[in-house]
Amino acid sequence: MERRSLFITFEGPEGAGKSTQIKLLKEYLESLGKTVLITREPGGTPLAEDFRNIVKHYQGEEPLYPATELLLFEAARAQHTRYVIAPALAAGTIVLCDRFADSTEAYQGAGRSLDMDFLQQLNNFAMAECKPDLTLLFDLPVEVGMERARARAAHIVDHNDRLEAEKIEFHYRVRDSFLAIARREPQRVKVLDATMSIEELFAAVKVLVDNALS
Ligand code: T5A
């Protein structure tokens, strides 16, 4: 029998093509008659979007301390899981979330070298019962993703992004960490080669999602 609700997260380094695939997947699932919600982290509720604006674009003189950054991501997640994701899943919706707790492990844990055990406790606290059924990891060389993100940013006035602007070594640690999560949890996390074309990538996404639905 087909399942009704499903929680799918999309993860990967910068510019991996997650948002593009999420939109295609929503159209496909709706063509099958499913109810679908696209959401994102950080963000997804008005307050969590305020936190998103701080962690992505804050430029004040007082530097954002790494622990503060971590807590802002977790605070945003606590709002998002309780007010958006959990109710949607309870209503039988398929939730497609652009980034989730694995990003915290990769960016704040590996990227910023924060304590992994403590971070996992915070992740579990913030996500509560909202554990992803399937995570699609869009993997690609850091340089390719950064180039895509840069090309897109060239069309945005006043583009500034604190995390995107981190040193290349930071982004290498992020990518390695995502791949380590996939090795640790192969049942949940499926790795896709994000250097493929949009169409080829979507064909691979569809196979994985069809399997998860059956
Ligand atoms: N973060 C997030 C943390 O540090 N900790 C956390 O806990 C969480 C949740 C979020 C930032 O926050 C960090 C990670 C991030 O730095 P964001 O703007 O949501 O910021 O950043 P990204 O998730 O990286 O979003 P991007 O939009 O940059 O990347 P996407 O969504 O992966 O890529 P997409 O689809 O927008 O595509 C990028 C460009 O590439 C093209 C697209 O047309 C677009 O121009 N493209 C392709 N080109 C060639 N081949 C393909 N297959 C392509 N697919 C897309």
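In what follows, the accompanying structure is described.

Cut-offs and rules
- Residues numbered from 1 in each chain as written.
- Predicted model: local features only at pLDDT ≥ 70, side-chain atom pairs only at ≥ 80, totals over all residues.
- Heavy atoms only, no water.
- Helix = DSSP H or I, 4+ residues; strand = E, 2+ residues; numbered from the N terminus.
- Rg over C-alpha atoms; globule rule 2.2 N^0.38 Å.
- Buried < 20%, exposed > 50% of the residue type's maximum accessible area, 1.4 Å probe, protein only.
- Pairing = 2+ DSSP bridges.
- Axes fitted to C-alpha atoms, helices over the stretch in contact; angles between N-to-C directions.
- Parallel < 35°, antiparallel > 145°, perpendicular 65-115°, else oblique.
- Left-handed = near helix turned anticlockwise from the far one by under 90°.
- Contact = heavy atoms within 4.5 Å.
- Nonpolar A, V, L, I, M, F, W, Y, C, P; charged D, E, K, R; others polar.
- Salt bridge = Lys/Arg side-chain N within 4 Å of Asp/Glu carboxyl O.
- Near = heavy atom within 4 Å.
- Polar contact = N/O pair within 3.5 Å; in protein donor to acceptor, adjacent residues only side chain to side chain.
- Areas by Shrake-Rupley, 256 points an atom, 1.4 Å probe, with all protein chains shown as cover.

A word on the overall build of the chain. In terms of regular secondary structure, the chain is built from 8 helices and 5 strands. What you see in the chain, going N to C, is helices and strands ordered as β-α-β-α-α-β-α-α-β-α-α-β-α. A globule of 214 residues ought to have a C-alpha radius of gyration of about 17 Å, and the chain, at 17 Å, matches this closely. Taking the principal axes of the C-alpha coordinates as reference, the chain spans close to 55 × 35 × 35 Å.

This paragraph deals with the pairing of strand β1 (residues 6-11). Burial runs high along β1: 6 of the 6 residues are buried. Two strands pair when backbone bridges link them, and β1 and strand β4 (residues 134-139) are joined in this way by 4 bridges, in the parallel orientation. The residue of β4 that forms the bridge with Thr-9 is Thr-135.

Attention now moves to the packing of helix α4 (residues 101-111) against helix α7 (residues 168-184). Here α4 crosses α7 at 130°, and the two axes come no closer than 8 Å. By the angle between their axes, α4 is oblique relative to α7. Here α4 and α7 pass one another in a crossing that is right-handed. Contacts between α4 and α7 pair Asp-102, Ser-103, Glu-105, Ala-106, Tyr-107, Ala-110 and Gly-111 from the former with Phe-170, Arg-173, Val-174, Ser-177, Phe-178, Ile-181 and Arg-184 from the latter. Here the residues of the contact of α4 with α7 sort into 7 nonpolar, 3 polar and 4 charged.

Time to look at the pattern of salt bridges. Under the counting rule described, the total for this entry stands at 15 salt bridges. The salt bridge involving Lys-56 is made with Asp-161; its shortest N-O contact spans 2.6 Å. In this pair, Lys-56 sits in helix α2 (residues 46-57) while Asp-161 sits in the loop between α6 (142-153) and α7, placing the two residues 105 residues apart along the sequence. In this pair, the class of Lys-56 matches that of Asp-161, namely buried. Residue Glu-185 is joined to Arg-188 by a salt bridge in which the shortest nitrogen-to-oxygen separation is 2.9 Å.

We now examine the site of the ligand. Around the ligand sit 25 residues, and of these Ser-19, Thr-20, Lys-56, Thr-104 and Arg-152 come closest. Take Ser-19: an N or O atom from its side chain is 2.4 Å from an oxygen atom of the ligand. Contact with the protein chains removes 85% of the 1,000 Å² of surface that the ligand exposes when unbound. Top contributing element to the shell around the ligand by residue count: α4, with 4 residues. Grouping the amino acids of the shell around the ligand by side-chain chemistry returns 8 nonpolar, 8 polar and 9 charged.

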